[in-house]
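If you want the building blocks of each chain, they are given just below.
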Amino acid sequence: MSQETILEVKDLRTSFFVEGNEVKAVDGVTFDVPKGKTLGIVGESGSGKSISALSILQLIDSPGKIVGGEINFKGDNLLKYNDNQMRKIRGNQISMIFQEPMTSLNPVYTVGQQLREALKIHRGLGKEAGTEKAVELLELVGIPSPRSRVTQYPFELSGGMRQRVMIAMALACDPELLVADEPTTALDVTIQAQILELLKELQDEFHMSIIMITHDLGVVAETCDYVAVMYCGKVVEYADVNTLFKNPRHPYTVGLLNSLPRSDVDQEELEPIKGTVPAPHEMPKGCRFAPRCPFATDLCHEKLPALEDIGEEEQIRCWIYTDEWDGDPEVKVYEPEQRTSED
Amino acid sequence: MTVYIIRRVLQLIPVLLGVSILVFSLMHLTPGNPAQLMAGENAPPETIEQIEESLGLNDPLPVQYWDYISGVVQGDLGTSMRYNTPVAEEVFPRFMITLELSIYSTILSIFMGLIAGIVSAVRQYSVADITIMIVALFGLSMPNFWLGLMLIQWFAVNLGWFPPTGWEGASSIVLPVISLGTAGAAIIARMTRSSMLDVISQDYIRTARAKGVKQRVIIYKHALKNALIPVVTVAGLQFGALLAGAVLTESVFAINGMGRLLVDSITQRDFPVVQACILIIAVVFVLVNLVVDISYKFLNKRIDLND
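What you see is a predicted model, and the numbers here were worked out from it, not measured in a lab. (Residues numbered from 1 in each chain as written. Chains lettered and ligands numbered in written order. Predicted model: local features only at pLDDT ≥ 70, side-chain atom pairs only at ≥ 80, totals over all residues.)

> Can you lay out the overall build of chain B for me, pointing to particular residues and giving the numbers?
A count of helical and extended segments in chain B gives 13 helices and 0 strands. In chain B, the succession of α and β elements from N to C terminus is α-α-α-α-α-α-α-α-α-α-α-α-α. Relative to its 307 residues, chain B shows a buried fraction of 36%. Within chain B, contacts between residues at least 6 apart in sequence are counted, and of these 72% link residues at least 24 apart. (Helix = DSSP H or I, 4+ residues; strand = E, 2+ residues; numbered from the N terminus. Buried ≥ 20, exposed ≤ 12 C-beta atoms within 10 Å, placed from the backbone. Contact = placed C-beta atoms within 7 Å.)

> Quick rundown of unusual backbone geometry? Include the residues and the values.
Residues and elements named next belong to chain A. Of note, the phi angle at Glu19 is positive, near 45°, even though the residue is not glycine. Here Glu19 lies in the loop between β1 (5–18) and β2 (21–34). Overall, the presence of 5 C-beta atoms within 10 Å leaves Glu19 in the exposed class. Here His207, not a glycine, exhibits a phi torsion of approximately 55°, which is positive. Of note, His207 is situated in the loop between α8 (189–206) and β8 (209–214). Judged by local crowding, His207 falls into the exposed class, with 11 C-beta atoms found within 10 Å.

> Lay out the UniProt feature "domain: ABC transmembrane type-1" (unreviewed entry) in chain B in plain terms, naming residues and giving numbers.
UniProt records the feature "domain: ABC transmembrane type-1" (unreviewed entry) at residues 95–292 of chain B, using the numbering of this structure. Helix makes up 84% of residues 95–292 of chain B and strand 0%. Its end C-alpha atoms lie 22 Å apart. (UniProt positions renumbered as here; feature names shortened; annotations may be inferred.)

> Requested: an account of the UniProt feature "domain: ABC transporter" (unreviewed entry) in chain A, with residues and values cited.
Summarizing the sequence annotation, UniProt attributes the feature "domain: ABC transporter" (unreviewed entry) to residues 7–257 of chain A in the numbering used throughout. Secondary structure across residues 7–257 of chain A divides into 40% helix and 28% strand, with the first and last C-alpha atoms of the span separated by 27 Å.

> Quick rundown of the nonpolar core? Include the residues and the values.
The biggest cluster of nonpolar side chains holds 151 residues, and the ones touching the most others in it are Ala168(A), Val179(A), Ile211(A), Val91(B), Ile188(B) and Cys277(B). When residues in this core are grouped by element, the largest group, 14 residues, is from helix α8 (residues 170–200) of chain B. Each of domain 1 (103–172) and domain 2 (248–338) of chain A accounts for three or more of the residues forming this core. Apart from residues no more than four positions distant in its own chain, Cys277(B) is found in contact with Val91(B), Met258(B), Leu261(B), Leu262(B) and Ser265(B). (Core = buried A, V, L, I, M, F, W, Y, C linked by C-beta atoms within 7 Å. Domains from an automatic or database assignment.)

> Lay out the pairing of β8(A) with the relevant residues and their values.
Consecutive residues of a regular strand have side chains that alternate between opposite faces of the sheet. Residue and element names in this part refer to chain A. Summarising burial for β8: 6 of the 6 residues are buried, a large majority. Of the two faces of β8, the one holding Ser209, Ile211 and Ile213 and the one holding Ile210, Met212 and Thr214 are both buried throughout. Note that strand β3 (residues 38–42) and β8 share 5 bridges and pair parallel. Note that in β8 the partner of Gly40 across the bridge is Met212. (Pairing = 2+ DSSP bridges.)

> I'd like a rundown of the packing of helix α5 (residues 87–122) of chain B against helix α13 (residues 271–299) of chain B, residues and numbers included.
Residues and elements named next belong to chain B. Between α5 and α13, the least distance of the axes is 10 Å, while the angle of their chain directions is 45°. In terms of orientation, α5 and α13 fall into the oblique class. Pair α5 / α13 crosses with right-handed handedness. Taken together, the residues of α13 that come into contact with α5 (itself represented by Val87, Glu90, Val91 and Phe95) are Pro272, Val273, Ala276, Cys277 and Ile280. Taken together, the residues that form the contact of α5 with α13 break down as 8 nonpolar, no polar and 1 charged. (Axes fitted to C-alpha atoms, helices over the stretch in contact; angles between N-to-C directions. Parallel < 35°, antiparallel > 145°, perpendicular 65-115°, else oblique. Left-handed = near helix turned anticlockwise from the far one by under 90°. Nonpolar A, V, L, I, M, F, W, Y, C, P; charged D, E, K, R; others polar.)

> Give me the lowdown on the pairing of β3(A), citing residues and values where you can.
Residue and element names in this part refer to chain A. Judged by how many residues are buried, β3 sits mostly within the fold: 5 of 5 residues are covered. Burial of β3 is two-sided: the residues Thr38, Gly40 and Val42 facing one way and the residues Leu39 and Ile41 facing the other way are all buried. Here β3 runs beside strand β9 (residues 226–231); their pairing, made up of 4 bridges, is parallel. Bridge pairing links Val42 to Val229 in β9.

> Residue-level account of the domain arrangement of chain A, with values.
By a widely used convention, the size of an interface equals the accessible area lost when the partners come together. According to the domain assignment, chain A contains domain 1 (103–172) and domain 2 (248–338). Measuring from the centre of the C-alpha atoms in domain 1 of chain A to the corresponding centre in domain 2 of chain A gives 44 Å.

> Tell me about the interface of chain A and chain B, and name the residues and values.
Counting residues at the interface gives 24 residues for chain A, matched by 19 residues for chain B. Counting only elements with at least two residues in the side of chain A that touches chain B, the list comes to α2 (83–89), β6 (94–97), α3 (101–104) and α4 (111–123) of chain A. Among the residues forming the side of chain A that touches chain B, the class breakdown is 12 nonpolar, 7 polar and 5 charged.

> Describe the sheet that holds β6(A), naming the residues involved and giving the relevant values.
All names here are of chain A. One open sheet holds the 8 strands; their spatial order is β6-β7-β8-β3-β9-β10-β12-β11, and the pairing between them is mixed. The open sheet terminates on both sides in strands that have one partner only, identified here as β6 and β11 (308–311). For this sheet, the mean inter-axis angle between neighbouring strands, taken without regard to orientation, is 20°. Here strand β10 (residues 234–240) pairs with strand β12 (residues 314–316) via 2 bridges, running antiparallel. Residue pairing across strands places Glu237 opposite Ile316, the latter belonging to β12. Contacts from helix α7 (residues 159–171) reach β6 and β7 (177–181) within the one sheet, and its direction differs from that of β6 by about 175°.

> Explain the confidence of the model for chain A to me, and be specific about the residues and the numbers.
Summing up the model confidence of chain A, the mean pLDDT is 87 and the portion of residues at 70 or higher is 95%. Segment residues 335–343 of chain A: pLDDT under 50, and 9 contacts once partners within four positions in sequence are set aside and those in other chains are kept. (pLDDT = per-residue confidence, 0-100.)

> Describe the environment of Pro101(A), naming the residues involved and giving the relevant values.
Residues and elements named next belong to chain A. With respect to the helices and strands, Pro101 occurs in helix α3. By the C-beta count within 10 Å, which is 28 here, Pro101 ends up buried. Taking the C-alpha atoms as reference points, Pro101 and Lys35, separated by 66 residues in sequence, lie 27 Å from one another. Filtering out sequence-adjacent residues up to four positions away, Pro101 remains in contact with Gly159, Arg162, Gln163, Met166 and Ala186.

> With reference to specific residues and values, describe the UniProt feature "transmembrane region" (unreviewed entry) in chain B.
All names here are of chain B. Per the UniProt record, "transmembrane region" (unreviewed entry) is annotated on residues 12–30, 101–122, 134–157, 169–189, 227–253 and 273–292. Secondary structure content for residues 101–122 is 100% helix and 0% strand, and the end C-alpha separation is 32 Å. The annotated region residues 134–157 carries 92% helix and 0% strand content, and the separation between its end C-alpha atoms amounts to 27 Å.

> Tell me about the sheet that holds β1(A), and name the residues and values.
Residues and elements named next belong to chain A. Strand order in the open sheet made by the 4 strands is β2-β1-β4-β5, with antiparallel pairing throughout. The strands lining the two open edges of the sheet, one partner per strand, are β2 and β5 (76–77). Sheet analysis places β1 next to strand β4 (residues 64–73), joined by 8 bridges and oriented antiparallel. Across the sheet, residue Arg13 finds its bridge partner in β4, namely Gly68. Packing against the sheet, helix α1 (residues 49–56) makes contact with β1, β2 and β4, and its axis sits at approximately 70° to β2.

This is the structure we're talking about:
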């Protein structure tokens, strides 16, 4: 990597232990977050993207457990930290916002009380200084008449406002990394755009890095600099956002893009990816995507490909791009435009 | 907040009126003639008529109710048929004993129940959790008079730590309070456990953790306040049930409380005393629930029972 990296996740494994069975929700995930940039993690439900995000702050609840890997934040492996050390990181250097603004704020405490909490823990601010800072933060995230909001309860605010409060809370201690777990999924489209815009502005202002977890490629296109595509607990493709949209390589990424309505190419109809995500207990032994992949060969069904560097900042987990590829060599060069212009 | 409390208090008026009508009707719905009772089996009809006249039993019912309710408001609960003394004098000291017993038992229930419930929830499926839940099941299933007898046997007779009976001095209240409060503690422990388990899995608890809040603060500040509402409800109901249901414990420990007075008065058909006891229990029950309703508002500002 040419740039400075703030977070480096290496071979992260998080499993859930249910009735003696191990379900590998995150199975060897590797990605880097460059400083001051936004990394998008995309994937379907159950691909392990949210669990990866929660693993970074070690917020995985029993029966889930991080079973291996490294999470290097500014060079230190967070997985070696004890509970106390981890608490000093949470809400301070790394903070997180969640998918459900309606339920993510405590209903029985005021907005001000909840905002002051992190300020008190990490900055030692008392009630008055905390309230001043809270008002400042609410103003920063674009909440009108912030001074009167401080004494309000979450139920007095709309969903968009609550997500702004969540963002204000996450920003309280000037974090270097913000993990946003589908921050706009529960909001309607206009509010969605506002929140994404806000995050971008704040990122420019505070030079923080963002991990944006989403299943929405539109959100990725709008906000991210780099993208990791996840499928069944593994990263299948990592690239910068332009490369990913212009020249997707993994058949899964291609499938995702083809199932999306686009304004820049003529599409007769949308092309869904055939089949469904395999259940956790019947994972294919080869490539996880092989049963749904239009190009899969015996090799794909038999052996799991590794995540390999194929360019400056590009990694891919697919047999097609290896020397061992035994299928049609033509599929290596894949342009969605060519395909749609045929008819 | 003030408006909320005032409205809740005003809403009590119809409830209390309803209670008083029910209590008043008791006298007239139960078989048997009070005048006959007072005069005795073989009294001449003239005497009975005279008594009926003096008690106002021949007046129309609304007039009788008015006489009754205006008396109650002034603190006149009638005259005991057995002792021919004012009912208030008879009932009040006994009520104070039962009230004391109920309050101590409720405090014990809440204290023990909350601690046990929180420990259980925080360490779900641990040895501590399973032990607490088994003990709670015992506490819940054990009839409190039997528990009272066992306590007397162990701690009063065998060990001699506490007096076996009576209601005098601090040491005498320990055993009755334990025997009366155990079931409540068990109910509150189970309630707290399930309520806490529900709250702990909520999104806002994860938010608090993501902020770097300590586990202890998360449990006692973020989770407990949310989990308390059902617990407070149960504790309120429990208090009312104790007040009315202390009679067995009072009998076992030979405490001269209102429960025993009530049962004695029922068997003796001393209606004014029965009426007074029931009225007092009902009023206290309603007031406790008022306190519970007001505490909801403190726990969660969103709750508005006036809507």
